[in-house]
Amino acid sequence: MMSFSAALEPLRSANRVSERRLFEWRLVSVDGKQVAASNGIAIAVDRPLGDLKKADIVVVCAGLEPAQFAPNHPVHHHLRRLSRHGAKVGAISAGSFILADAGLLAGRRATVHWEYAEAFAARYPTLELGRDLYIVDRGVFTCSGGTAALDLMLHFISEIASRDIAVAVAEQFIHPQIRRQEDRQRLEMHTRYGVDSPKLVEIIALMEGTIDNPLDIRRIAERADLSPRQVERLFREQVGTSPKAFYLDLRLKRARTLLRLTLQPILTVALECGFGSTSHFSHAYKRAFGLAPTDERHTGARRS
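Residues numbered from 1 in each chain as written. Predicted model: local features only at pLDDT ≥ 70, side-chain atom pairs only at ≥ 80, totals over all residues. Heavy atoms only, no water.

Draft legend 1. Seen up close, the environment of Gly209. Looking at where Gly209 falls in the secondary structure, it is placed in the loop between α8 (198–208) and α9 (217–223). Separated by 76 residues in sequence, Gly209 and Tyr285 place their C-alpha atoms 20 Å apart. (Helix = DSSP H or I, 4+ residues; strand = E, 2+ residues; numbered from the N terminus.)

Draft legend 2. Representation of unusual backbone geometry. At Ile174, a residue that is not glycine, the phi angle is positive and equals roughly 50°. The residue Ile174 is located in the loop between α6 (163–172) and α7 (189–193) in this model. If you check the backbone angles, Asp225 has positive phi at about 60° while not being a glycine. For Asp225, the position within the fold is in the loop between α9 and α10 (228–238).

Draft legend 3. Summary view of the pairing of strand β9 (residues 134–137). When β9 meets strand β10 (residues 140–143), the two strands line up antiparallel, connected through 4 bridges. Residue pairing in the sheet places Tyr134 in a bridge with Cys143 of β10. What sits between the antiparallel neighbours β9 and β10 is a turn of 2 residues, in which Arg138 has the positive phi angle 50°. (Pairing = 2+ DSSP bridges.)

Draft legend 4. Structural detail: helix α13 (residues 278–289). Between the first and last C-alpha of α13 there are 16 Å, a value that for 12 residues agrees with the 16 Å anticipated at 1.5 Å per step. Taken residue by residue, α13 has Phe281, Ala284 and Tyr285 as its buried positions. Projected down its long axis, α13 shows its buried positions confined to an angular sector of 100°, all on one face. Residues of α13 that are exposed and point more than 90 degrees away from the buried face comprise Ser279, His283 and Arg287. Once α13 finishes, Gly290 follows within two positions and takes phi at roughly 85°, a positive value. (Expected span 1.5 Å × (residues − 1). Buried < 20%, exposed > 50% of the residue type's maximum accessible area, 1.4 Å probe, protein only. Arc of directions from axis to C-beta.)

Draft legend 5. Helix α2 (residues 74–84), seen in detail. All of the buried residues along α2 are Val75, His76, His78, Leu79, Arg81 and Leu82. Turning to α2, the residues buried within the fold contact β5 (57–62), β6 (88–93) and α3 (95–101). Of the residues one or two after α2, Gly86 is the one with positive phi, at around 100°. (Contact = heavy atoms within 4.5 Å.)

Draft legend 6. Molecular detail of the pairing of β10. Burial along β10 is two-sided: the residues Val140 and Thr142 and Phe141 and Cys143 are all buried. As judged from the 4 bridges shared by β6 and β10, these two strands associate in the parallel manner. The residue of β10 that forms the bridge with Ile92 is Cys143.

Draft legend 7. Spotlight on the pattern of salt bridges. Taken as a whole and judged by the stated rule, the model has 16 salt bridges. Notably, a salt bridge pairs Arg109 with Glu128, separated by 3.5 Å at the nearest N-O pair. Of this pair, Arg109 sits in strand β7 (residues 109–110) while Glu128 sits in strand β8 (residues 128–129), and the two are 19 residues apart along the sequence. For Arg109, a relative accessible area of 28% puts it in the partly exposed group. One salt bridge in this structure joins Lys199 and Glu202, with 3.9 Å as the shortest N-O distance. Within this pair, Lys199 and its partner Glu202 are both found in helix α8, separated by 3 residues, close to a single helical turn. A relative accessible area of 31% means that Lys199 is categorised as partly exposed. According to the relative accessible area criterion, Glu202 is partly exposed, its value standing at 36%. (Salt bridge = Lys/Arg side-chain N within 4 Å of Asp/Glu carboxyl O.)

Put into structure tokens, the structure is as follows:
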């Protein structure tokens with residue numbers, strides 16, 4: 001709902017501040033039926049996607065289960081058709097998966113919500129994935145989602161109408177800075193984890209970058225020019241847990257995302273998250289999340 005509203009409301013506001021009907025929009029779904037957002041609110045639509053014959057811009061807004069459409073699903077055909085007929089086709093958040101399955105991202109740079117980045121890269125290894133807020137590349141655009149959809153639409157408003165109108169819309173939404181497409185998606189690490197030690201930030205960045213091949217605490221301490229005891233103390237004081245437990249949590253969260261959003265074998269997921277065997281992985285996963293990796297995947301299939 002956040003991504004959906006952040007994409008739609010700037011258009012309404014642009015019409016209001018300009019006192020002109022600069023933009024019109026239609027809501028469509030795959031089958032023409034209302035769609036329940038991930039927060040449960042039902043969104044009424046105007047027509048099925050297949051009945052949409054022409055559009056200037058098509059925005060695919062997907063929720064938490066973006067890989068729900070089988071290959072060559074009609075939705076992919078309709079998106080390709082609209083693109084061929086001149087529409088600028090794009091996606092917000094996990095909608096990038098749908099554009100990739102439709103073949104619309106081939107040869108183009110794309111972005112996706114940071115939570116899905118590893119799963120996206122694993123599912124589409126030949127595509128060029130960036131970590132930008134949004135990317136517009138030759139008639140196709142992708143957006144990381146959330147409030148970044150507001151910045152994307154302000155970009156389009158500036159192009160189609162004027163920068164003055166885009167600034168006025170930003171001010172209407174108490175959005176004091178129109179972010180550029182290359183701005184970072186995530187909070188600075190010290191804010192994200194509530195830590196103020198530069199050394200601890202350095203260590204966490206090292207852990208995030210070595211999930212597939214975890215380092216032992218001694219090697220981490222060496223790279224940070226600290227002793228293992230100092231590393232332990234930093235984590236206990238500022239994070240409230242041990243470095244080993246923190247590292248394991250990072251790896252298991254990555255595994256959960258891969259299980260939910262890719263079709264990779266469980267052994268492959270285990271190896272990509274630094275586990276040497278499926279038995280070790282399954283034991284750690286069940287202890288953390290209360291269900292086995294196979295059950296996680298079955299649950300995800302039922303959700304979609």
